[in-house]
Amino acid sequence: MLENNLKQIFADISSGNNLGEPITLVGATKMVDIDTINRAIELGLKVVAENKVQEFNLKNSSIVGAKQHFIGHLQTNKVKYLVGKVDLIQSVDSDKLASEIDRVAKNRNLVQNILIEVNIGGELSKSGFTLEKAFDSVVDISNKYSNICVKGLMAMLPHTDDESLLENLCQKMRGLYDKLKENGMSIEYLSMGMSNDYLVAIKNGSNMIRLGSSIFGKRNYLK
């Protein structure tokens, strides 16, 4: 199953997004065991990511041959477990969190790569900067903190079957991404698209997708 799933996804993303940019595939490994993760890496998965700090701490040292990202909601008191250990913290959803990442990174004499999370659907259940405030916030965070490097944007699209809505939201995110680049920011990642909507996302400007069940199958979250 794992091999077939990855083959299909690699085929789906082989020609890049609608703009010809290569797609970075991130394997979302929540509740996936170490052996399965390492098998996926052997099959060509180059980036894996956790949603919870506790789970990252348990698996971190056993993952071989892949970059590691963090994609879940991050509390400031848990920043210390990730800074310098993950290649990218994708879910920076507030200035307060950016400030704490910068502080810890400064103490460790390193620069931590991050993405700024945008709540593109304006959903109360999700965190992140509003689309209206995102541009100024990204520029401000980038200028203010010397020990973090803003590498791009991240968004979670709403769960909906309305493809035209998803396309519209993806295009708004891409517009924000392009505007930041036009204004001199050296960003490279627009992380948008999960198992249920990644095909729509890559047709509308995403160049990084975060897939869990499409790679690893359905997981039992009630365990």
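Residues numbered from 1 in each chain as written. Predicted model: local features only at pLDDT ≥ 70, side-chain atom pairs only at ≥ 80, totals over all residues. Heavy atoms only, no water.

Q: Break down the packing of helix α1 (residues 2-13) against helix α2 (residues 34-42) for me, with residues and values.
A: Working note: a packed helix pair is described by the angle between its axes plus the distance between those axes. At a minimum axis separation of 10 Å, α1 and α2 run at an interaxial angle of 45°. On the basis of the axis angle, α1 is oblique to α2. In this structure, α1 meets α2 at a crossing whose hand is right-handed. Listed contacts from α2 to Leu2, Glu3 and Leu6 of α1 are Thr36, Arg39 and Ala40. (Axes fitted to C-alpha atoms, helices over the stretch in contact; angles between N-to-C directions. Helix = DSSP H or I, 4+ residues; strand = E, 2+ residues; numbered from the N terminus. Parallel < 35°, antiparallel > 145°, perpendicular 65-115°, else oblique. Left-handed = near helix turned anticlockwise from the far one by under 90°. Contact = heavy atoms within 4.5 Å.)

Q: Just give me the short version of the environment of asparagine 5, but keep the residues and values in it.
A: Looking at the element boundaries, asparagine 5 is found in helix α1. For asparagine 5, the contacting residues outside a window of four places in its chain are Ser214, Ile215, Phe216 and Gly217.

Q: Account for the nonpolar core, with residues named and values stated.
A: Soluble globular proteins tend to bury their nonpolar side chains together. Formed by 43 residues in total, the largest nonpolar core has its most connected members in Ile101, Ile114, Ile116, Ile141 and Leu153. Here this core gets seven residues from one element, more than from any other, and that element is helix α6 (residues 163-182). If sequence neighbours within four positions are ignored, leucine 153 has contacts with Leu115, Ile116, Val118, Val138, Met173, Leu176, Tyr177, Leu180, Tyr189, Leu190 and Ser191. With 20 residues, the next largest nonpolar core counts Ile9, Leu25, Ile202 and Ile209 among its residues. (Core = buried A, V, L, I, M, F, W, Y, C linked by side-chain atoms within 4.5 Å. Buried < 20%, exposed > 50% of the residue type's maximum accessible area, 1.4 Å probe, protein only.)

Q: So what's going on with unusual backbone geometry? Residues and values would help.
A: Despite not being glycine, methionine 31 shows a phi value in the positive range, around 65°. Structurally, methionine 31 can be placed in the loop between β1 (24-28) and α2. For asparagine 109, which is not glycine, the phi dihedral falls at a positive 55°. Looking at the secondary structure, you find asparagine 109 in the loop between α4 (95-107) and β5 (112-118). Here asparagine 109 falls in the exposed class, since its relative accessible area comes to 73%.

Q: Describe in detail the packing of aromatic side chains, supporting the description with residues and values.
A: Across all of its chains, the model carries zero aromatic pairs by this definition. Here the basic side chain of lysine 179 rests over the ring of phenylalanine 135, its NZ or CZ set 4.4 Å away from the ring centre. (Phe/Tyr/Trp six-rings, centres within 6.5 Å; stacked < 30°, edge-to-face > 60°. Lys NZ or Arg CZ within 6 Å of the ring centre and 35° of its normal.)

Q: Let's hear about α1: which residues, and what values?
A: Here α1 contains 12 residues, and its C-alpha end-to-end distance of 17 Å stays within 8% of the 16 Å for a straight helix at 1.5 Å per residue. Where α1 is buried, its residues contact β1, α2, α7 (198-202), β8 (208-211) and α8 (213-216). (Expected span 1.5 Å × (residues − 1).)

Q: Give a description of the pairing of β1 that names residues and reports values.
A: The element β1 is extensively covered by neighbouring structure, given that four of its five residues are classed as buried. When β1 meets β8, the two strands line up parallel, connected through four bridges. Bridged to leucine 25 within β8 is isoleucine 209. Bridge analysis of β1 against strand β2 (residues 47-50) gives three bridges, and the strand direction is parallel. Across the sheet, valine 26 pairs through a bridge with valine 47, a residue of β2. Running through α2, the crossover from β1 to the neighbouring parallel element β2 is right-handed. (Pairing = 2+ DSSP bridges. Right-handed = clockwise from strand over helix to strand, strands pointing away.)

Q: Summarise the pattern of salt bridges; cite the residues concerned and give the values.
A: Counting across every chain of the model gives 11 salt bridges. Residue lysine 151 is joined to glutamate 188 by a salt bridge in which the shortest nitrogen-to-oxygen separation is 2.9 Å. Of this pair, lysine 151 sits in strand β6 (residues 148-155) while glutamate 188 sits in the loop between α6 and β7 (189-192), and the two are 37 residues apart along the sequence. The exposure class assigned to glutamate 188 is partly exposed, which follows from its relative accessible area of 36%. With a shortest N-O distance of 3.0 Å, arginine 174 and aspartate 178 are connected by a salt bridge. One end of the pair, arginine 174, and the other, aspartate 178, are both in helix α6, four residues apart, so they sit about a helical turn from each other. By relative accessible area, which is 26% here, aspartate 178 ends up partly exposed. Members of the salt-bridge network, linked through shared partners, are Glu21, Arg174 and Asp178. (Salt bridge = Lys/Arg side-chain N within 4 Å of Asp/Glu carboxyl O.)

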